[in-house]
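Architecture and fold: a report
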Amino acid sequence: MKTLAILSCLLGLLLPVAALAHPHIWISQQVRVVGKDGKLTHVELEWRFDPSASEIEIPLIDENGDGKISPAEAKALAGDMMKELESSGYMTWLNTGDKDFRPPKRPTFSARIDDPASFVPPYWDKAAGDAGMPMPENKRVNEPPIPRKRGPRTLVYIMRFELPKPVPSVSIVTYDPEDFIRIEVDKKAIPAGCTVGQNPKHKAEFVRGYPVFAGVVSCRSP
Amino acid sequence: MSLTVKARLLRSPFLWVGVALLAGLVGALIFSDGLQELARFSAEYQQRIQRSLSTALQDVKSGSGSLALWTLVIICFGYGVVHTLGPGHGKSVVVAYFLDSSRPYGWMEGIFAGAWIAFTHTLAALLLVAVLKLFFTAGLFGALREARNVEMISYVMILMVGFWRLWAGLTGRLHEHHHGDDHDHHEHGHDHAHEHGHHHPVRARRTLAGWLLLTAAGIAPCAGALIVILLSMALGVIWAGIIGVVAIALGMAVTLAVIGLASMVAHRLIVGDGRSREIGRVTAIAASLIVIATAGTLLMGSLSRFILR
């Protein structure tokens, strides 16, 4: 009995292990569609990386360090990045009616650096309280008076995918099934004619029963 | 005060902790929101820590003196502690290492086992970045992808060692245990003197299995260390990054050593309790099952990204 108790105590220590898998990169995704003659022809994804990921990536991309991505730098990045993302299907599923499919062709790719940052995850703001309630004035963390050269910046990738054929409607979902990279649809930037919802099929699930659902954006041509 | 009384005193808190944990688990399963909250919290925590890390590193870069460096060290140490308690498989392996044993381990071994995982785990991250830097571009996507690939190798290795130990446990190939001093094991609970000097091939194999297990768990590069080192490289203060990584390793080592020592005490109590080979064998089998279950679950999670392609 005691053996059992001790063993269960040890097992208890181990069980929450998998439930705590968590993301290391955050991406705020904006989805846009491009139409022609009443049908949709292209899907455009805009990824805004969190400040930490941006800070790691920007020096690698912006080789001359001028804070902008020149055409030559963009080309080099496109070569690296598209190869990298292609192997994971751009983490994106498209659906034009019957079956989900990966983007069939490499997208037109462009990138830019937003300075100051255009995407700051909610918990990055020290002055922000929990659940959208602001911290009272006297409880706010005052930033130490260190002369900072610059604030956070945002790296932005824009990928424009061509659909196999013009369609009246399309739904787009982007997510990492391992939840190493958390991609969330920016709900403030849903274009006209599109809605965001959930499909239980698209989720990161480490422990059965505790899924993280991905936002599915469904668009139809006006 | 005799050791028997001491052991009895020691045993009861364990029982209560066990019961409390079981109750907590059942509760967590019933009120499933709890675990979801926990996952949400850990994601949120990761954001906060990544924010503090990049601020600290930027402050180090802008040359604000030792304050920023100490901030960095403290954040990294804390990250090491939390990272060990949170996701990953290091814990289960350390626990298993101490359950799959018949001789009593020394305290130092508990500390070494923890330190070894922490050391290999962070060193793997440094090596991965070095290799990527030398031969490819050390981008975040590439580094994390490679980290995940190496992680899978680690899971497979852990699984293999786990199955090996399970087989050994089931076929009873591991117990050369008490050398006939079964009758008074209690009294010798904290005494190593009765360990026989000559080498058993079985024991050598068991020690090998233990170290294999620890190393297998260690070779998965630590994602946190990876991010610290990549960030410091991006900001051009790689030395600060290395100090940070050492602090992470220290935090992990301390936490793992505590867990290792706790499981060692638990193992002694179990074996002392049963005073028989059978119990020792049960703990060995339980150890291999823990390892197989943990590594198996993690491997399945990793494999899903290939299946879903």
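Values in this document were obtained by computation on a predicted structure and should not be read as measured data.

Residues and elements named next belong to chain A. Burial analysis of strand β8 (residues 181–185) places 4 of its 5 residues in the buried class, the great majority of the element. Pairing of strand β1 (residues 25–36) with β8, which is carried by 5 bridges, proceeds in the parallel orientation. Bridge pairing in β8 links Ile25 to Ile181.

With that settled, the discussion passes to the nonpolar core. Counting residues in each nonpolar core, the largest one holds 104 residues, and the members touching the most others are Trp47(A), Phe49(A), Leu85(A), Tyr157(A) and Phe141(B). Broken down by element, the residue count for this core peaks at 11 residues, all from helix α6 (residues 140–170) of chain B. In contact with Leu85(A), other than residues within four places in its own chain, are Trp47(A), Tyr90(A), Met91(A), Met159(A) and Phe141(B). Trp93(A), Tyr175(A), Ala214(A) and Val216(A) belong to the second largest nonpolar core, which has 5 residues in total.

On to the state of the cysteines. If you walk through the whole model with that rule in mind, you get 1 disulfide over all chains. Paired by a disulfide, Cys194(A) and Cys219(A) hold their sulfur atoms 1.9 Å apart. When the S-S torsion is 110°, as for the bridge of Cys194(A) with Cys219(A), the disulfide is right-handed. Separated by 25 residues along the polypeptide, Cys194(A) in strand β9 (residues 194–205) and Cys219(A) in strand β10 (residues 211–220) bring together distant segments of the chain. Taking the relative accessible area as the measure of exposure, Cys194(A) reaches 10% and is therefore buried. For Cys76(B), which is in no disulfide, the shortest distance to another cysteine sulfur is to Cys222(B) and amounts to 9.8 Å.

Moving on, we get to the confidence of the model for chain B. When pLDDT drops low, the exact placement of atoms in the prediction is not to be read closely. Residues and elements named next belong to chain B. On average, residues of chain B score 73 in pLDDT, and 65% of them are at 70 or above. Mean pLDDT values for the elements of chain B range from 57 in helix α1 (residues 3–30) up to 88 in helix α8 (residues 223–235). Taken together, the stretch residues 175–199 has pLDDT below 50 and engages in 39 contacts with residues farther than four places along the chain or on a different chain. The ipTM, which scores confidence in the relative placement of chains, is 0.74 for this predicted complex, and the corresponding pTM is 0.75.

Once that is clear, we can look at the confidence of the model for chain A. Across chain A, pLDDT averages 81, with 77% of residues at or above 70. Taken together, the stretch residues 15–19 of chain A has pLDDT below 50 and engages in 10 contacts with residues farther than four places along the chain or on a different chain.

About the cut-offs
- Residues numbered from 1 in each chain as written.
- Chains lettered and ligands numbered in written order.
- Predicted model: local features only at pLDDT ≥ 70, side-chain atom pairs only at ≥ 80, totals over all residues.
- Heavy atoms only, no water.
- Buried < 20%, exposed > 50% of the residue type's maximum accessible area, 1.4 Å probe, protein only.
- Helix = DSSP H or I, 4+ residues; strand = E, 2+ residues; numbered from the N terminus.
- Pairing = 2+ DSSP bridges.
- Core = buried A, V, L, I, M, F, W, Y, C linked by side-chain atoms within 4.5 Å.
- Contact = heavy atoms within 4.5 Å.
- Disulfide = S-S within 2.5 Å.
- pLDDT = per-residue confidence, 0-100.

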